[in-house]
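Take a look at the letters that make up each chain.
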Amino acid sequence: MNKAIARTTALLSTCALLLTGCGGDGGGGNTPVTSSPTNSSSTPSNTASDTATLSGAIPIGIAVAQTSNVALLGQEEVAGAKLAEKYFNSKGGVNGTPIKLVFQDTSGDEAGAINAFQTLINKDKVVGIVGPTLSQQAFSADPIGERAKVPIIGPSNTAKGIPEIGDYVARVSAPVSVVAPNSVKAALKQNPQLKKVAVFYAQNDAFSKSETEIFQQTVKDQGLELITVQKFQTSDTDFQSQATNAINLKPDLVIISGLAADGGNLVRQLRELGYKGLIVGGNGLNTSNLLPVCKALCDGVLIAQAYSPEHPGEINAAFRKAYTDEYKKEPPQFSAQTFTAVQVYVEALQALDKKSKVNKLQLPELRTELNKQILAGTYNTPLGEIGFTPIGEVVQKDFYVAQIKMEKDGSKGKFTFLK
């Protein structure tokens, strides 16, 4: 896809949103830069920072959902980011200079993400941003970073077209087209007699709409019959009508594209209404925060993974230990991907600093050179070795499928990785 066309489309979408106003939490973060008093401007770009250089710790923005129904995912991203900050600073940061993560809450909508990005860029003067949580938010907020020429790394944006938003947009979250089909194939392996498939998706979420297209195509490619497609909203809590409609058609497999709260409630209501077949959950359900929603009825749900706690390697072992020590459970994918995004920034800054001291570069130049270094590097991460294509798409080799296993009373559960 041509980046210029994608960027223009995304910017038009952003402008429309800005006309309706911006919301979200704007708290947090000191300004660790020094600016020349001779250059002042209210332009929402780098103009006010043209003579700025770093002073002290290197600020990296974390723009994820800390509130709203999306917080079930965003909380895991915050955890991964904080573990990365502690780990890499304990290793010397950027050649002796520590990093400082600056958190802004995107909440669960586009306006919140736009507000968070603007604050991180113009007030907090970060060198780059990790975020946002949702692809839906990325299509609106990423153009803000692109226009300001600030590097963005998406930790959980897997919809089609994310890297094409602009030259400064990359992601460490593998596209849904690569990951999603694996869970359907795993379901077929468990039950080769599968024939009829019912699909559910959140029609108000860009990622879920993108993911369901992949799932539906996979169903057809595997020679299965798509008997119904049921739509819902991520804010819904009652799925009785859609679930009943699907169950009456006697599906062998149900596939759900949504988020943790709505997806978990849908799983629970399907089981309560008597559905006994296999369930495949999409990436939005790929969180242990799903388990308290559907409890014992989560048991058996299959979810494709871009991360395994058992992946070999020193960095994953360190991350896994730090996470389990802190949270007393295995690290989830969203935490691993956010840790990885921070790692990419740290290692790219280290490489850049060896060529040109980053605290000597004016902020706009630093951001531009950092973006080039990010795309040029390879990184040994908890996800395995990754790199990027010239347009910012992650290059990753290892993928998995996990199945949820719950205690009978629903009090505890875990993701069990299939061989």
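Every value quoted in this text rests on a predicted model; they were computed, and no experiment measured them.

Draft legend 1. Main features of unusual backbone geometry. Backbone torsion omega between Gly-131 and Pro-132 reads -5 degrees, so that peptide bond is classified as cis. In this structure, Pro-132 sits in the loop between β5 (129-130) and α4 (135-148). Of note, Lys-250 is a non-glycine position whose phi angle comes to about 55 degrees, a positive value. Inspection of the secondary structure assignment puts Lys-250 in the loop between α8 (240-247) and β10 (253-257). Backbone geometry places Lys-328, a non-glycine residue, at a positive phi of 60 degrees. Position of Lys-328 relative to the elements: it lies in the loop between α11 (314-327) and α12 (333-355).

Draft legend 2. Molecular detail of the sheet that holds strand β15 (residues 394-396). What the 3 strands build is an open sheet, ordered β13-β14-β15; its pairing is antiparallel. Looking at which strands have only one partner, the edges of the open sheet turn out to be β13 (379-381) and β15. The average undirected angle you get between the axes of adjacent strands in this sheet is 35 degrees. Packing of α12 onto the sheet brings it into contact with β13 and β14 (384-388), and relative to β13 it is tilted by some 145 degrees.

Draft legend 3. Fine view of the state of the cysteines. Tallied over the full model, the rule gives 1 disulfide. Shown here is the disulfide that connects Cys-294 with Cys-298, its sulfur atoms set 1.9 Å apart. Between Cys-294 and Cys-298, the disulfide has an S-S torsion of 100 degrees and is therefore right-handed. For the residue pair Cys-294 and Cys-298, the accessibility class agrees, reading buried in each case.

Draft legend 4. Summary view of the nonpolar core. Within the largest apolar cluster, 51 residues are counted, with the highest numbers of intra-cluster contacts made by Val-342, Leu-366 and Ile-374. Mapped onto this core, the elements with two or more residues apiece are β3 (58-64), α2 (71-90), β4 (99-105), α11, α12, α13 (363-376) and β14. Top contributing element to this core by residue count: α12, with 10 residues. Each residue touching Ile-374, except ones within four places of it in the same chain, is listed here: Pro-151, Ile-153, Val-344, Tyr-345, Ala-348, Tyr-379 and Phe-388. Listed in part, the 23 residues of the second largest apolar core include Ala-243, Leu-285, Cys-298 and Val-301.

Draft legend 5. Examining the side chain of Asn-289 more closely. With respect to the secondary-structure elements, Asn-289 resides in the loop between β11 (278-281) and α10 (291-294). Reaching out from Asn-289, the side chain makes a polar contact with the backbone oxygen of Leu-72 at a distance of 2.4 Å. Leaving out residues up to four positions away in the same chain, Asn-289 has contacts with Leu-72, Gln-75 and Glu-76.

Draft legend 6. Region of the structure containing the packing of aromatic side chains. Scanning all chains against the criterion turns up 10 aromatic pairs. Centroid distance Phe-88 to Phe-339: 5.5 Å. Interplanar angle 40 degrees. Geometry classified as tilted. Of this pair, Phe-88 sits in helix α2 while Phe-339 is found in helix α12, placing the two residues 251 residues apart along the sequence. Classification of Phe-88 as buried rests on a relative accessible area of 7%. Residue Phe-339 is classed as buried on the basis of its relative accessible area, which comes to 2%. Measuring from centroid to centroid gives 6.0 Å for Tyr-307 and Phe-319, while their planes differ by 70 degrees, and the two rings are edge-to-face. Pair noted here: Tyr-307 is in the loop between β12 (302-305) and α11 and Phe-319 is in helix α11, with a separation of 12 residues, a long-range link. Accessibility classification places Tyr-307 together with Phe-319 in one group, the buried group. Among the aromatic side chains, those forming a connected cluster through ring pairs are Tyr-87, Phe-88, Tyr-307, Phe-319, Tyr-323, Tyr-327 and Phe-339. The ring of Phe-103 has Lys-82 sitting right over it, with the charged end atom 5.7 Å from the ring centre.

Draft legend 7. Quick peek at the pattern of salt bridges. Inspection of the entire model under this criterion finds 7 salt bridges. Glu-393 is the salt-bridge partner of Arg-171, the closest N and O atoms lying 2.7 Å from each other. Of this pair, Arg-171 sits in strand β7 (residues 169-171) while Glu-393 sits in the loop between β14 and β15; the two residues are 222 residues apart in sequence, bridging distant segments of the chain. Take Arg-171 and Glu-393: they sit in the same class, and that class is buried. One salt bridge connects Lys-321 with Asp-325, and the closest N-O pair in it is separated by 2.8 Å. Here Lys-321 and its partner Asp-325 are both found in helix α11, 4 residues apart, which amounts to about one turn of the helix.

Quick notes on the rules
- Residues numbered from 1 in each chain as written.
- Predicted model: local features only at pLDDT ≥ 70, side-chain atom pairs only at ≥ 80, totals over all residues.
- Heavy atoms only, no water.
- Helix = DSSP H or I, 4+ residues; strand = E, 2+ residues; numbered from the N terminus.
- Pairing = 2+ DSSP bridges.
- Axes fitted to C-alpha atoms, helices over the stretch in contact; angles between N-to-C directions.
- Contact = heavy atoms within 4.5 Å.
- Disulfide = S-S within 2.5 Å.
- Buried < 20%, exposed > 50% of the residue type's maximum accessible area, 1.4 Å probe, protein only.
- Core = buried A, V, L, I, M, F, W, Y, C linked by side-chain atoms within 4.5 Å.
- Polar contact = N/O pair within 3.5 Å; in protein donor to acceptor, adjacent residues only side chain to side chain.
- Phe/Tyr/Trp six-rings, centres within 6.5 Å; stacked < 30°, edge-to-face > 60°.
- Lys NZ or Arg CZ within 6 Å of the ring centre and 35° of its normal.
- Salt bridge = Lys/Arg side-chain N within 4 Å of Asp/Glu carboxyl O.

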